[in-house]
Amino acid sequence: MRKKIVAGNWKMNTTLPEGLALAKGLDEALKGKTLRCEVVIGTPFTHLASIAAAIDTKRIAVAAENAADQVSGAFTGEVSAAMVASTGATYVILGHSERRAYYHETPAILKKKVELALANGLTPIFCIGEVLEEREKGIHFEVVDSQIKESLFDLSPEDFSKIVLAYEPVWAIGTGKTATAAQAQEMHAHIRQTLAGKYGKTIADDTSILYGGSCNAGNAKELFSNPDVDGGLIGGASLGVDKFLPIIEAW
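This structure is a prediction, so every number in the text was calculated from the model and none was measured.

Draft legend 1. Examining the overall build of the chain more closely. A tally of regular secondary structure across the chain gives 12 helices and 8 strands. Relative to its length of 251 residues, the chain is compact, with a C-alpha radius of gyration of 17 Å against a globular reference of 18 Å. Dimensions of the chain, computed from the C-alpha atoms along their principal axes, are close to 45 × 45 × 35 Å. Residues counted as buried form 52% of the 251 residues belonging to the chain. Carbon and sulfur atoms make up 53% of the accessible area of the chain, which amounts to about 11,100 Å² in all. Side-chain charges of the chain comprise 25 positive and 30 negative groups, with the mean position of each set lying 4 Å from the other.

Draft legend 2. A look at the packing of helix α7 (residues 140-152) against helix α9 (residues 181-199). Contact geometry for α7 and α9: axes closest at 11 Å, N-to-C directions at 40°. Taken together, the axes of α7 and α9 are oblique relative to one another. As α7 runs across α9, the sense of the crossing is right-handed. Contacts between α7 and α9 pair H140, F141, V144, D145, I148, K149 and L152 from the former with E186, M187, H190, I191, T194, L195 and Y199 from the latter. Considering only residue class, the contact of α7 with α9 consists of 8 nonpolar, 3 polar and 3 charged.

Quick notes on the rules
All residue numbers here refer to positions counted from 1 along the written sequence of the relevant chain. The predicted nature of this model means local features are confined to residues of pLDDT at least 70 and side-chain atom pairs, given and counted, to a pLDDT of 80 or more, with totals for whole chains, interfaces and linings taken over all residues. To get the side-chain values, all heavy atoms of the structure are used, and hydrogens and water are removed first. Every helix listed is a DSSP run of H or I at least four residues long, and every strand listed is a run of E at least two residues long, numbered separately from the N terminus. C-alpha atoms define the radius of gyration, and 2.2 Å times the number of residues to the power 0.38 defines the globule rule. Only protein chains enter the accessibility calculation, which uses a 1.4 Å probe; a residue whose area is less than 20% of its type maximum is buried, one above 50% is exposed, and one in between is partly exposed. Working definition of accessibility: Shrake-Rupley area with a 1.4 Å probe, residue cover restricted to the visible protein chains. Counting rule applied: Lys, Arg positive; Asp, Glu negative; His and chain ends not counted. For charged residues, the charge sits on one atom: NZ in Lys, CZ in Arg, CG in Asp, CD in Glu. Between the N-to-C directions of two axes lies an angle of 0 to 180 degrees, each axis being a line fitted to C-alpha atoms and, for a helix, fitted only over the stretch in contact. Orientation categories follow fixed angle ranges, with anything under 35 degrees roughly parallel, anything over 145 roughly antiparallel, 65 to 115 roughly perpendicular, and all other angles oblique. Crossings are sorted by hand: turned counterclockwise from the far helix by less than a right angle, the near helix makes the crossing left-handed, and turned clockwise it makes it right-handed. The contact criterion used is simple: two residues touch if any of their non-hydrogen atoms lie within 4.5 Å. Residue polarity is assigned by list, with Asp, Glu, Lys and Arg as charged and Ala, Val, Leu, Ile, Met, Phe, Trp, Tyr, Cys and Pro as nonpolar; anything else, Gly included, falls into the polar class.

Note that all results are geometric; they support no functional claim without further evidence.
In structure tokens form, the structure reads like this:
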């Protein structure tokens, strides 16, 4: 049975003291609760080691928001997958639409990042999704298929089975727009069909596919009720315990 996951993506928000307070507050709020999903928080690089040491990582897993496409060396300012793993983080968010758009991360770069993450024992949360123009042209399925195939389909079945996917309709991130539950289910089912064509039904059925477009306390339950939606990659609503906790509890 595939894993249900609610993952926060803090993006470039919170100072280290603020981030520690947020992580500890969430950890405290989850104490004694029976969780029906895995909880992950994606924090800035500067926070990873401190937060991993300050919370119960059996209750809340820690993710980096990125990792380099190089092993080590003269790459000033970059953070390698090995460095991320050494902090106690166990997940890494890769291929987010903001990284693709603002930092020009190509499928080839992302392919290398995924390989290095896996080699260092990290679980990639690999983001895919179309912009509004692509949705309006009716090519959203082709766009998402291409993003998956170009970066992930050279992986062995064993390695691919370690990937978590996050479908993020770019037109619904931070805009207040949300794909309807039906639109989310339609794309998630299509993605699963694409995976089955390459890796077979068992791996496709076991792959967790998260929804990542303006998911909040008000719509989480409806989104998560879809058979192919296995949780959420949550942006702004993960920056407050009072907003994030109801999404976790939607399971």
